Amino acid sequence: MSADAAISRLWPAPSAAPLDDTELTALYGRTDRPRLRVNFVTSVDGAVSLDGYSAGLSGVPDKRVFGLLRMLCDGLLVAAGTLRHEGYGAVRLDAARRAWRRAHGLAEYPTLVVVSGSLDLDPAQAAFADAPVRPVVLTHAAAEAPPGLTEVADLVRCGADRVDLAAGLAELRRRGLSQVLCEGGPHLFGALTAADLVDEVCLTVAPLLAGAGPGRIAAGPAGGHRELPLRHVLAAADGVLMLRYARAAQANANANANTEAEANAEANPDAANAEANPDAAPAPAPAAAS
Ligand SMILES: NC(=O)c1ccc[n+]([C@@H]2O[C@H](COP(=O)([O-])OP(=O)(O)OC[C@H]3O[C@@H](n4cnc5c(N)ncnc54)[C@H](OP(=O)(O)O)[C@@H]3O)[C@@H](O)[C@H]2O)c1
């Protein structure tokens, strides 16, 4: 994949000029309402991995946006499967990105949030053991924690015998993690889609065919189909595309922009209010922390 980090905008307002970090940051941005953003890289034929890992699909431009999205989030949500398989280390950001966060009143690092039904997690994995911020594990009431896990992470139990993701997200928001970035994997993405919790998808398309074998970026039981309008198309050298899709209420990246949601609110105050205030939806089951 491409070693050139330059990224330019194809749509809207095409420009061949390479985007600097400030411009890229504004294009992805934070919002003033809770948001669940999902980030994946895929091949032209929709593969989730190459030779078993996402790294074969990624490259320098994708890693640039990947790091930027981490800088912008409060909570970094990842499924236990991806955490184990990809060998997640501690979430780190470089000095410039930490300075950006401080300047914007954010904690220096986002909080890692792991979703696991089995709690088959290794407390010695660097993602837990070396974490700069104590991670959160979303699980359910029946799951048994392995020795040492509660020493390195907060366990949040949502649901009796399966993880209630809506309740988990509500608990994250209660803890101040309003902007949540999900880095996968496919089973978690499928479950979040089925529960209609996905506000935005950032998708990097690598210009290659992976062929048959790897799964899709969403997996698990069918369900959850819904519209997700395209918001921007960026391109990097060698034809890597970076697409951003978002619900209407999340159309504009910048919190202070005159958002489409605000326009909708004027046209249809009731509908806009329901989107803007997730607490207005039926209350999810309460989460128990341990
Ligand atoms: N292309 C990309 O951008 C990208 C991104 C991420 C991952 N990947 C690839 O995806 C593959 C890993 O996928 P995977 O099949 O292991 O899927 P996954 O979604 O990463 O992990 C599945 C596991 O995560 C936990 N989990 C996920 N959803 C859950 C839910 N709703 N409730 C409770 N637990 C949940 C469970 O862990 P427990 O077993 O602990 O209960 C489950 O077994 C790897 O090849 C990785 O490289 C690619």
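Per an unreviewed UniProt entry, the protein is named Pyrimidine reductase, riboflavin biosynthesis, and its organism is Micromonospora haikouensis. A UniProt comment under Pathway (unreviewed entry) is attached to the protein, and it reads "Cofactor biosynthesis; riboflavin biosynthesis."

*Asks:* Break down the nonpolar core for me, citing the residues and quoting the values.
*Replies:* The biggest cluster of nonpolar side chains holds 63 residues, and the ones touching the most others in it are V114, V180, C182 and L192. Sort the elements by how many residues they give to this core and helix α7 (residues 165-174) lands first, with six residues. Among residues more than four places away in sequence, those in contact with C182 are L36, V38, L77, L188, F189 and L192.

*Asks:* Report on the packing of helix α1 (residues 21-28) against helix α2 (residues 60-72), specifying residues and quantitative values.
*Replies:* Two elements in contact, α1 and α2, have axes whose closest approach is 10 Å; the angle formed by their N-to-C orientations is 60°. The two elements α1 and α2 meet at a crossing, and its hand is right-handed. Two secondary-structure elements touch here, α1 through L24, T25 and Y28 and α2 through L68, L69 and L72. Here the contact of α1 with α2 is composed, by residue class, of five nonpolar, one polar and no charged.

*Asks:* Explain the pairing of strand β10 (residues 241-246) to me, using residue names and the numbers behind them.
*Replies:* Side chains M242, R244 and A246 of β10 all project onto a buried face; the interleaved residues L241, L243 and Y245 project onto a face where none is buried. Judged from the six bridges that link them, strand β8 (residues 200-206) and β10 form a sheet pairing that is antiparallel. Across the sheet, residue E200 finds its bridge partner in β10, namely A246. Here strand β9 (residues 230-236) hands over to β10 after four residues, with D238 in that stretch at a positive phi of 70°.

*Asks:* Describe the pairing of strand β5 (residues 136-139), and please don't skip the residues or the numbers.
*Replies:* Looking down a regular strand, the side chains alternate between one sheet face and the other. Here β5 shows two buried faces, one formed by V136 and L138 and the other by V137 and T139. The sheet contact formed by strand β4 (residues 111-115) and β5 spans three bridges and is parallel. Bridge pairing in β5 links V115 to L138. Across four bridges, β5 lies against strand β6 (residues 154-157) in parallel orientation. Among the inter-strand pairings, V137 is bridged to a residue of β6, identified as L155.

*Asks:* Run through α7, naming residues and quoting values.
*Replies:* Burial within α7 is extensive, with eight of its 10 residues counted as buried. The set of residues buried in α7 consists of L165, A166, A167, G168, L169, A170, E171 and L172. After α7 finishes, the residue G176 shows a positive phi value of roughly 90°.

*Asks:* I'd like to hear about unusual backbone geometry, residue by residue, with values.
*Replies:* Following W11, the chain continues into P12 via a peptide bond in cis, with omega recorded as -10°. Locating P12 in the fold gives a position in the loop between β1 (7-11) and α1. A cis amide bond, omega 0°, links G184 with the succeeding residue G185. Counting through the fold element by element, G185 comes out in the loop between β7 (179-182) and α8 (186-194).

*Asks:* With reference to specific residues and values, describe the site of the ligand.
*Replies:* In the vicinity of the ligand there are 31 residues, among which A79, G81, G184, G185 and H187 approach most closely. Taken together, the elements giving at least two residues each to the shell around the ligand come down to β2 (35-43), α3 (80-85) and α8. Taken together, the residues that form the shell around the ligand break down as 15 nonpolar, 13 polar and three charged.

*Asks:* I'd love a proper account of α1, names of residues and values included.
*Replies:* Buried within α1 are the following residues: T25, L27 and Y28. Buried residues in α1, looked at end-on, bunch into an arc of 160°, giving them a common side. In this structure, α1 carries T22 and A26 as exposed residues pointing more than 90 degrees from its buried face. Where α1 is buried, its residues contact α2 and β9.

Parameters and conventions
Residues numbered from 1 in each chain as written. Predicted model: local features only at pLDDT ≥ 70, side-chain atom pairs only at ≥ 80, totals over all residues. UniProt positions renumbered as here; feature names shortened; annotations may be inferred. Core = buried A, V, L, I, M, F, W, Y, C linked by C-beta atoms within 7 Å. Buried ≥ 20, exposed ≤ 12 C-beta atoms within 10 Å, placed from the backbone. Helix = DSSP H or I, 4+ residues; strand = E, 2+ residues; numbered from the N terminus. Contact = placed C-beta atoms within 7 Å. Axes fitted to C-alpha atoms, helices over the stretch in contact; angles between N-to-C directions. Left-handed = near helix turned anticlockwise from the far one by under 90°. Nonpolar A, V, L, I, M, F, W, Y, C, P; charged D, E, K, R; others polar. Pairing = 2+ DSSP bridges. Near = placed C-beta within 6 Å. Arc of directions from axis to C-beta.

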